[in-house]
Amino acid sequence: MKPDDLVAASDPVDVRLGARLAELRAEHGWSLGELAERTGVSRSTLSRAERAEISPTASLLNRLCGVYGRTMSRLLSEVEAEPALLVRAAEQPVWEDHTSGFLRRSVSPPHTGLRGELVEGRLGAGADIAYDRPPVPGLEQHIWVLEGALDVTAQDVEHHLDAGDCLRLRVWGPTRFRCSGRDEARYVLAVVLP
């Protein structure tokens, strides 16, 4: 994790997220050092995230979700109120990774007893996000581009998606989402737990 990947936390969601990350580590009985070994993230970065001194990037959250066996949506939903069956547009949680230019709206947050969720993603022109592993191995994803173009790399194969295109896959290894066009890419990500 590079220092420029971090943005100072000021959002109440980041405070609740930091507290939840600390709870998860405690539930597993891991020290910061043990978590650092499992994630490849420095102890100081993990500590700062837990104390909400930084706003974690999508990449950092993905690594933490991987060791805790959760999707990013599930982790973020754990710091929000219990999701209702009907989620009005104004009530859909939005999270932004300021460093990468990634905006994430949880359209249909995780819900007890349901395995799927819907996420709206927005990547600014030139934005590039790489995940070193899925949060849950074998995670099913359906990526439907609504506007712009998106390049998705999975299992060492790059897929170019234009508006209207849909890529379906199970995620076992690293993935990369890149907006190589001049305009923002807006897409729907349907996530289904294995």
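Up top is the structure.
First things first, this report covers the structure right here in the doc.

Definitions and cut-offs
- Residues numbered from 1 in each chain as written.
- Predicted model: local features only at pLDDT ≥ 70, side-chain atom pairs only at ≥ 80, totals over all residues.
- Heavy atoms only, no water.
- 1 Å grid on protein atoms, 1.4 Å probe; cavity = no way out; pocket = protein on both sides within 12 Å on 5 of 7 lines; lining within 4 Å.
- Points joined across faces, edges and corners; volume = space filled by probe spheres on them.
- Helix = DSSP H or I, 4+ residues; strand = E, 2+ residues; numbered from the N terminus.
- Salt bridge = Lys/Arg side-chain N within 4 Å of Asp/Glu carboxyl O.
- Buried < 20%, exposed > 50% of the residue type's maximum accessible area, 1.4 Å probe, protein only.
- Phe/Tyr/Trp six-rings, centres within 6.5 Å; stacked < 30°, edge-to-face > 60°.
- Pairing = 2+ DSSP bridges.
- Axes fitted to C-alpha atoms, helices over the stretch in contact; angles between N-to-C directions.
- Parallel < 35°, antiparallel > 145°, perpendicular 65-115°, else oblique.
- Left-handed = near helix turned anticlockwise from the far one by under 90°.
- Contact = heavy atoms within 4.5 Å.
- Nonpolar A, V, L, I, M, F, W, Y, C, P; charged D, E, K, R; others polar.

**Digging into empty space enclosed by the protein**
With a probe scaled to a water molecule rolled over the atoms, the places where space remains empty come into view.
Link 1 in the chain: Overall, the coordinates contain three cavities of 30 Å³ or more when judged by the stated rule.
Link 2 in the chain: Every residue lining the largest cavity is counted, 21 residues in all, and those nearest its centre are Asn62, Met72, Tyr131, Gln141 and Leu189.
Link 3 in the chain: Breaking the lining of the largest cavity down by element, the ones donating at least two residues are α5 (72–77), β4 (102–108), β5 (116–123), β6 (128–131), β7 (139–147), β11 (175–178) and β12 (185–192).
Link 4 in the chain: Element by element, the count of residues in the lining of the largest cavity is highest for β12, at three residues.

**Some remarks on the pattern of salt bridges**
Link 1 in the chain: For the structure shown, the criterion picks out 16 salt bridges.
Link 2 in the chain: A salt bridge links Asp128 to Arg176, with the shortest nitrogen-to-oxygen separation between them at 2.5 Å. With Asp128 in strand β6 and Arg176 in strand β11, this residue pair connects regions lying 48 residues apart in the sequence.
Link 3 in the chain: Classification of Asp128 as partly exposed rests on a relative accessible area of 34%.
Link 4 in the chain: Across the pair Asp151 and Arg178 runs a salt bridge whose closest N-O atoms are separated by 3.4 Å. Of this pair, Asp151 sits in strand β8 (residues 149–154) while Arg178 sits in strand β11; the two residues are 27 residues apart in sequence, bridging distant segments of the chain.
Link 5 in the chain: Of the residues examined, Arg178 reaches a relative accessible area of 21% and is grouped as partly exposed.
Link 6 in the chain: Each member of the salt-bridge network shares a partner with another, and the members are Arg105, Glu120, Arg122, Glu147, Glu184 and Arg186.

**Brief notes about helix α4 (residues 58–68)**
Because the α-helix completes a turn every 3.6 residues, residues three or four places apart line up on one side.
Link 1 in the chain: Of all the eleven residues making up α4, eight are buried; the element is thus mostly covered by neighbouring parts of the structure.
Link 2 in the chain: When α4 is considered as a whole, its buried residues turn out to be Ala58, Leu60, Leu61, Asn62, Leu64, Cys65, Val67 and Tyr68.

**Some thoughts on the packing of aromatic side chains**
Link 1 in the chain: Under the definition given, this model contains three aromatic pairs.
Link 2 in the chain: Taken together, a centroid distance of 5.7 Å and an interplanar angle of 15° make the contact between Trp30 and Tyr68 stacked. One end of the pair, Trp30, is in the loop between α1 (12–28) and α2 (32–39); the other, Tyr68, is in helix α4, with 38 residues separating them in the sequence.
Link 3 in the chain: For the pair Phe177 and Tyr187, a centre-to-centre distance of 5.9 Å together with 25° between the ring planes defines the contact as stacked. Taken together, the residues span a long stretch of sequence, with Phe177 in strand β11 and Tyr187 in strand β12 at a distance of ten residues.

**Regarding the sheet that holds β8**
Link 1 in the chain: Here four strands make up an open sheet; going across it, the order is β6-β11-β8-β9 and the pairing antiparallel. In this open sheet, the two strands that pair with only one neighbour each are β6 and β9 (157–162). Adjacent strand axes in the sheet meet at a mean angle of 15°, parallel and antiparallel pairs treated alike.
Link 2 in the chain: Two strands pair when backbone bridges link them, and β6 and β11 are joined in this way by four bridges, in the antiparallel orientation. Along β11, the bridge assignment pairs Ile129 with Phe177.

**Describing the packing of α1 against α4**
Link 1 in the chain: Two elements in contact, α1 and α4, have axes whose closest approach is 11 Å; the angle formed by their N-to-C orientations is 30°. One element, α1, and the other, α4, form an angle in the roughly parallel class. Crossing of α1 against α4: the hand is left-handed. Between α1 and α4, the residues in contact are Leu17, Leu21, Leu24, Arg25 and His28 and Leu61, Leu64 and Tyr68, respectively.
Link 2 in the chain: A per-class count over the contact of α1 with α4 returns six nonpolar, one polar and one charged.

So, to be careful, I would describe these as geometric facts and stop short of saying anything about function.
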